[in-house]
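# Descriptive structure summary
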Amino acid sequence: MTDAPHTLEAEEQAFYLAHSVFSDPGDLGRLEGVPSDPSELALMVRNLLIHREETTYFGFTLPDHRKNEAETRYVSAILSIISERDGRPLTVARPPEKRFAGTCRDFALLLCSLLRSTGTPARIRCGFASYFFAGSYKDHWVAEYWSPERGWTLADAQLPAPELMEEFKISFDPMDVPRDGFLVAGDAWRACRAGRSDPEKFGMPFLNLSGMDFVQSSVVRDLAALNKVEVLPWDGWDLAERFHKDLQDSELRLLDTVADAESDGGPFSLLRNLFLANPGLRTPSAVTSHSTYAGTRTVPLRS
């Protein structure tokens, strides 16, 4: 992201303070007593959620029938599941077995929801983290919140747990993730296109899901997230589904422009126009969902 004065235009501030249909928490009574400090909110998220692939770090085996909890798209539904499982206030930490079993996207989205609800502009970002596995950039999602001191700041709500900080030797503040540790999708695209990075190191190599096709789909999903359409990590449509080798020059140039805007985090008007004016980038009324546990199917999105 380029250096810029730490100010936020009124239109951009209002946009990222308002909920999307995905981040809307629903019953506001659930949020009674919720803090407003971003660090406290991230810890709260960490104590309500568990990644469905990290449960062994917490001494817990996730039953097979719960692996599809991560198909839950909306924060209101996530909070309902949490409350039905344990009726105490959301500010009370749940034991691992009673937490919502999701993915990194759910940590990012719930933190984003709580930040918006308590007066901090926020959005989620799709990209790649280098801090989980040495030598590779793992597909990952984090929140990005507005700090008057630092501007747009990356926050990983999955990290504030001693088990993970120790396991992955995390030394940075999870509320200020370094941008060379988490590459937003546009940064990854530009590095791969310029030959500075190997596309095969980006994605989920342990599932044989990596390469330029993966990076391309992440660029499309990150633009959607910046426009508050916070899809699931395995959703696809149009340019997110196309093979990279089959793209026309005009489509490559369009994605280059998108990547530049993602890397810079704006300008806001450009992020909006790229999304709204290009059918290959804009989310349709239904997306194709390629879930490991639920299979491939067409899923409608709320408007």
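This write-up is about the structure you can find in this document. (Residues numbered from 1 in each chain as written. Predicted model: local features only at pLDDT ≥ 70, side-chain atom pairs only at ≥ 80, totals over all residues. Heavy atoms only, no water.)

## Looking at the nonpolar core
For the record, the criterion: Put simply, buried Ala, Val, Leu, Ile, Met, Phe, Trp, Tyr and Cys residues joined by side-chain atoms within 4.5 Å make one nonpolar core. Any residue under 20% of the maximum accessible area for its type is buried, any over 50% is exposed, and the rest in between are partly exposed; the area is computed with a 1.4 Å probe on protein chains only. Contacts between residues were defined by any pair of non-hydrogen atoms, one from each residue, lying within 4.5 Å.
Counting 75 residues, the largest nonpolar core has Leu49 and Leu111 as its most contacted members. Residues in contact with Leu111, not counting those within four places in the same chain, are Pro38, Leu41, Ala42, Val45, Ala143, Ala155 and Ala157. Grouped together as the second largest cluster of nonpolar side chains are 19 residues, Val142, Leu159, Phe182 and Val184 included.

## Section: the pattern of salt bridges
So the rule is basically this: Salt bridge criterion: a side-chain nitrogen from Lys or Arg within 4 Å of a carboxyl oxygen from Asp or Glu. A run of DSSP states H or I qualifies as a helix once it reaches four residues; a run of E qualifies as a strand once it reaches two. Both are numbered from the N-terminal end.
Throughout the structure, instances matching the rule amount to 21 salt bridges. A salt bridge links Arg123 to Glu12; its shortest N-O distance comes to 3.8 Å. Here Arg123 is found in strand β3 (residues 122–129), whereas its partner Glu12 is found in helix α1 (residues 10–17), with 111 residues between them in sequence. Here Arg123 and Glu12 have matching classes, each one buried. For Asp64, the salt bridge is made with Lys67, and the minimal N-O distance between the two is 3.2 Å. Exposure remark for Asp64: the relative accessible area of 61% places this residue in the exposed category.

## Brief notes about helix α8 (residues 249–264)
Rules: The span expected for a helix works out to 1.5 Å for each residue beyond the first.
Compared with an ideal rise of 1.5 Å per residue, which puts 16 residues at 22 Å, α8 spans 23 Å between its outermost C-alpha atoms and is within 8% of the ideal. Among the residues of α8, those classed as buried are Glu251, Leu252, Leu254, Leu255, Val258, Ala259, Ala261, Glu262 and Ser263. In this structure, the buried residues of α8 make contact with β3, β6 (182–184), α6 (185–193), α7 (212–226) and α9 (268–277). Just downstream of α8, Gly265 is the residue with a positive phi angle, here 70 degrees.

## A closer look at the sheet that holds strand β9 (residues 235–236)
The condition is simple: Between any two strands, at least two bridges found by DSSP are needed for them to pair.
Read from one edge of the open sheet, 3 strands run β9-β10-β11, paired in antiparallel fashion. The two strands at the open ends of the sheet, each matched to only one other strand, are β9 and β11 (295–300). The pairing of strand β10 (residues 286–291) with β11 spans 6 bridges and is classified as antiparallel. Bridging across to β11, His290 finds its partner in Thr296.

## Concerning unusual backbone geometry
Glycine aside, the phi torsion of most residues is negative, and most peptide linkages are trans. Cis geometry is found at the peptide bond from Gly266 to Pro267, where omega equals 5 degrees. Mapped onto the secondary structure, Pro267 falls in the loop between α8 and α9. A positive phi angle is found at Lys169, which is not glycine, with a value near 55 degrees. By secondary structure assignment, the location of Lys169 is in the loop between α5 (162–167) and β6. In the Ramachandran plot, Lys228 falls in the positive-phi region, its phi being about 65 degrees despite a non-glycine side chain. When you line up the elements, Lys228 lands in the loop between α7 and β9. On the basis of relative accessibility, which here comes to 11%, the residue Lys228 falls in the buried class.

## Here we look at the packing of α7 against α8
Definition in use: The axes used here are C-alpha line fits, helices contributing only the stretch in contact, and every angle between their N-to-C directions lies in the interval 0 to 180 degrees. Comment on the angle field: the value is read as roughly parallel under 35 degrees, roughly antiparallel over 145, roughly perpendicular from 65 to 115, and oblique elsewhere. Handedness of a helix crossing follows the sense of rotation of the near helix relative to the far helix, less than a right angle counterclockwise being left-handed and clockwise being right-handed. Nonpolar residues are Ala, Val, Leu, Ile, Met, Phe, Trp, Tyr, Cys and Pro. Charged residues are Asp, Glu, Lys and Arg, and all others, Gly as well, are polar.
Two elements in contact, α7 and α8, have axes whose closest approach is 10 Å; the angle formed by their N-to-C orientations is 55 degrees. Of the possible angle classes, the one that applies to α7 and α8 is oblique. In terms of crossing hand, the pair formed by α7 and α8 is left-handed. Across the interface between the two elements, Gln216, Val219, Val220, Asp222, Leu223 and Leu226 from α7 touch Leu255, Val258 and Glu262 from α8. Of the residues that constitute the contact of α7 with α8, the class distribution is 6 nonpolar, 1 polar and 2 charged.

## A closer look at the packing of aromatic side chains
The geometry of an aromatic ring pair comes down to the distance between the two centres and the angle between the two planes. Formally: Stacked, tilted and edge-to-face are the three classes assigned to paired rings of Phe, Tyr and Trp, where Trp is represented by its six-membered ring and a pair needs centres within 6.5 Å; plane angles under 30 degrees give stacked, over 60 edge-to-face, the rest tilted. Should the NZ of a Lys or the CZ of an Arg lie within 6 Å of a ring centre and within 35 degrees of the ring normal, that charge is described as sitting over the ring.
Under the definition given, this model contains 14 aromatic pairs. Ring centres 5.8 Å apart and planes at 70 degrees place the aromatic pair Tyr16 and Phe268 in the edge-to-face group. You can see Tyr16 sitting in helix α1 and its partner Phe268 sitting in helix α9, a full 252 residues away along the chain. Aromatic pair Phe128 and Phe214: ring centres 6.1 Å apart, planes at 55 degrees, arrangement tilted. You can see Phe128 sitting in strand β3 and its partner Phe214 sitting in helix α7, a full 86 residues away along the chain. Overall, Phe214 belongs to the buried group, its relative accessible area being 13%. Among the aromatic residues, ring-to-ring pairing joins Tyr57, Tyr131, Phe132, Phe133, Phe168 and Phe172 into one connected group. A cation over an aromatic ring shows up here: Arg123 above the ring of Tyr16, its NZ or CZ 5.0 Å from the ring centre. Sitting over the ring of Trp152, Arg123 keeps its end group 3.9 Å from the ring centre.

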